Amino acid sequence: MTDRISALLSAFGVLVGTSLLVLAVREYRSGASVLWIGAGAAILLGTVYTLVRDVRRLRAGASA
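Residues numbered from 1 in each chain as written. Predicted model: local features only at pLDDT ≥ 70, side-chain atom pairs only at ≥ 80, totals over all residues. Heavy atoms only, no water.

1. Description of the side chain of D54
Then, in step 1: Within the secondary structure layout, D54 lies in helix α2 (residues 35-63).
Then, in step 2: Of the residues examined, D54 reaches a relative accessible area of 1% and is grouped as buried.
Then, in step 3: With residues up to four places along the chain from it excluded, the contact list for D54 reads S6, A7 and S10. (Helix = DSSP H or I, 4+ residues; strand = E, 2+ residues; numbered from the N terminus. Buried < 20%, exposed > 50% of the residue type's maximum accessible area, 1.4 Å probe, protein only. Contact = heavy atoms within 4.5 Å.)

Given below as structure tokens:
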């Protein structure tokens, strides 16, 4: 049960990370530093990695 909750929270994290990246691109277009895009991409990659790890844990538990 906790693995499912963790995967659900990770999926929500990917949604938030994507929103942050979109916000960073908008800020960059309005004149902000390119570091915003780098930070947004790093956050998104971290959340995607966490989601993949949680999904793999769920699949491994289902086959055992």
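2. Thoughts on helix α1 (residues 2-29)
Then, in step 1: Between the first and last C-alpha of α1 there are 41 Å, a value that for 28 residues agrees with the 40 Å anticipated at 1.5 Å per step.
Then, in step 2: Looking one or two places after α1, you find G31, whose phi comes out positive at around 115°. (Expected span 1.5 Å × (residues − 1).)

3. Quick look at a nonpolar patch on the surface
Then, in step 1: Among the surface-exposed residues, F12, L15, V16, L20, L23 and I43 lie close enough to one another that they form a single nonpolar patch of about 530 Å² accessible area.
Then, in step 2: At five residues, the largest contribution of residues to the nonpolar patch is made by α1.
Then, in step 3: If you trace the backbone, I43 turns up in helix α2. (Patch = residues over 30% accessible without salt bridge, like charges linked within 9 Å, V, L, I, M, F, W, Y side chains within 5 Å. Areas by Shrake-Rupley, 256 points an atom, 1.4 Å probe, with all protein chains shown as cover. Salt bridge = Lys/Arg side-chain N within 4 Å of Asp/Glu carboxyl O.)

4. Section: the pattern of salt bridges
Then, in step 1: Under the defined criterion, the tally for this structure stands at three salt bridges.
Then, in step 2: Across the pair R53 and D54 runs a salt bridge, and its minimum N-O distance is 3.9 Å.
Then, in step 3: For R53, a relative accessible area of 38% gives the class partly exposed.
Then, in step 4: Through salt bridges with shared partners, one network takes in D3, R53, D54 and R57.

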